[in-house]
Amino acid sequence: MIEMRDIWKTYPNGVMAINGMNLSVDKGEFVYVVGPSGAGKSTFIKLIYREEKPTKGKVYVDKKDLSSMKEKHVPYLRRSIGVVFQDFKLLPSLSVFENVSFALEVIEEDTAKIRQRVMRTLETVQLKNKARFKPHELSGGEQQRVAIARAIVNNPSVLIADEPTGNLDPETSWEIMNILEEVNAHGTTIVMATHNREIVNTMRKRVIAIDGGRIARDEIRGDYGYES
Ligand code: ADP
Ligand code: ADP
């Protein structure tokens, strides 16, 4: 599903963010990525949805080689990989419905189909009744649920989340985790970078710890493992 072979990433300013990484993630896995600030988690995540390209090595998602993928094919990739961020990144002038349909409309399906698909997805994140609301009328947890709806509306094989609970209180964070669990239960592979010790230690999923741009630990039923 996701495969990295001897990945190195040096930013143009000389910072070596990833220093030789090999990894494979199978279909349907739920993987936590942990590690101290500056360890390379965001860079790792960005390599999977091709926000960044490796300096050396190969990244495959769904057997597609991202490193040699042409720029014009990247938008298609973005439909098979959903991404969720800490700060939601919703479009503020669009309604909940439009934020989600925006991701679909690129595919040029007919309007009735789009509507049905968006509403079904909003039902999954329990926001059907707020389809007309604007992001600023929603709580943080609700905004993140819109972002998840946007990320899954195309039924991606992989969902990437970069600290999705970072701006949320503990209770709301668990609501988000329940939704991600449900998404995972439907077969979507999830890779989630997080600093949330409680979530990682409670869920007992695969944990990949990154330190200094390398995999320091990779455990099937891992724990958070850091003091802070
Ligand atoms: P984490 O997400 O674990 O905090 P990052 O992947 O964001 O780690 O950062 C890893 C290293 O790469 C850090 O030293 C960071 O300062 C650096 N870095 C991240 N993004 C960039 C960038 N766009 N340009 C230059 N250096 C960067
Ligand atoms: P996030 O982890 O939320 O994606 P960023 O990628 O913006 O945040 O930043 C993560 C780390 O990378 C921070 O420590 C930041 O200072 C550093 N960083 C981001 N962009 C650059 C850059 N262009 N040059 C150097 N360091 C950067």
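Residues numbered from 1 in each chain as written. Chains lettered and ligands numbered in written order. Predicted model: local features only at pLDDT ≥ 70, side-chain atom pairs only at ≥ 80, totals over all residues. Heavy atoms only, no water.

Looking at an unreviewed UniProt entry, one finds the chain named Cell division ATP-binding protein FtsE, with Texcoconibacillus texcoconensis as its source organism. Here is the UniProt Sequence similarities (unreviewed entry) comment for the chain, exactly as written: "Belongs to the ABC transporter superfamily." Among the UniProt annotations of the chain, the heading Subcellular location (unreviewed entry) holds the following wording: "Cell membrane". (UniProt positions renumbered as here; feature names shortened; annotations may be inferred.)

Caption draft 1: How the structure looks around the nonpolar core. Counting residues in each nonpolar core, the largest one holds 42 residues, and the members touching the most others are Tyr-32, Leu-122, Ile-148, Leu-159, Met-177, Leu-180 and Met-192. Leave out the neighbours within four places in its chain, and Leu-180 touches Phe-30, Ile-148, Leu-159, Pro-164, Ile-190 and Met-192. In this structure, Met-4, Ile-7, Phe-44 and Tyr-49 belong to the second largest nonpolar core, which totals 30 residues. (Core = buried A, V, L, I, M, F, W, Y, C linked by side-chain atoms within 4.5 Å. Buried < 20%, exposed > 50% of the residue type's maximum accessible area, 1.4 Å probe, protein only. Contact = heavy atoms within 4.5 Å.)

Caption draft 2: Focus on the site of ligand 1. Close contacts around ligand 1 come from Tyr-11, Asn-13, Val-15, Ala-17, Pro-36, Ser-37, Gly-38, Ala-39, Gly-40, Lys-41, Ser-42 and Thr-43, and that covers them all. One of the backbone N or O atoms of Ala-39 is found 3.1 Å from an oxygen atom in ligand 1. Per-element accounting of the shell around ligand 1 gives the leading share, three residues, to helix α1 (residues 41-48). Of the residues contributing to the shell around ligand 1, the split by class is five nonpolar, six polar and one charged. (Near = heavy atom within 4 Å. Polar contact = N/O pair within 3.5 Å; in protein donor to acceptor, adjacent residues only side chain to side chain. Helix = DSSP H or I, 4+ residues; strand = E, 2+ residues; numbered from the N terminus. Nonpolar A, V, L, I, M, F, W, Y, C, P; charged D, E, K, R; others polar.)

Caption draft 3: The environment of Met-192, seen in detail. By the element assignment, Met-192 lies in strand β8 (residues 189-193). Residue classification places Met-192 among the buried positions, given a relative accessible area of 0%. The sequence separation of Met-192 and Val-31 amounts to 161 residues, and the corresponding C-alpha distance is 6.2 Å.

Caption draft 4: Structural detail: the sheet that holds strand β5 (residues 64-65). Reading across the sheet, the four strands line up as β2-β1-β4-β5 and stay open at both edges, with antiparallel pairing between neighbours. The strands lining the two open edges of the sheet, one partner per strand, are β2 (16-25) and β5. Summarising the sheet, strand β1 (residues 2-10) and β2 pair through seven bridges and their orientation is antiparallel. Opposite Ile-2, over in β2, you have Val-25 as the bridge partner. (Pairing = 2+ DSSP bridges.)

Caption draft 5: Representation of the site of ligand 2 within the structure. Contacts to ligand 2 come from Asn-13, Ser-42 and Lys-46. Within the side chain of Ser-42, one N or O atom sits 2.8 Å away from an oxygen atom of ligand 2. Here Lys-46 contributes a side-chain N or O atom positioned 3.2 Å from an oxygen atom of ligand 2. Coverage of ligand 2 by the protein amounts to 21% of the 540 Å² it exposes when considered alone. (Areas by Shrake-Rupley, 256 points an atom, 1.4 Å probe, with all protein chains shown as cover.)

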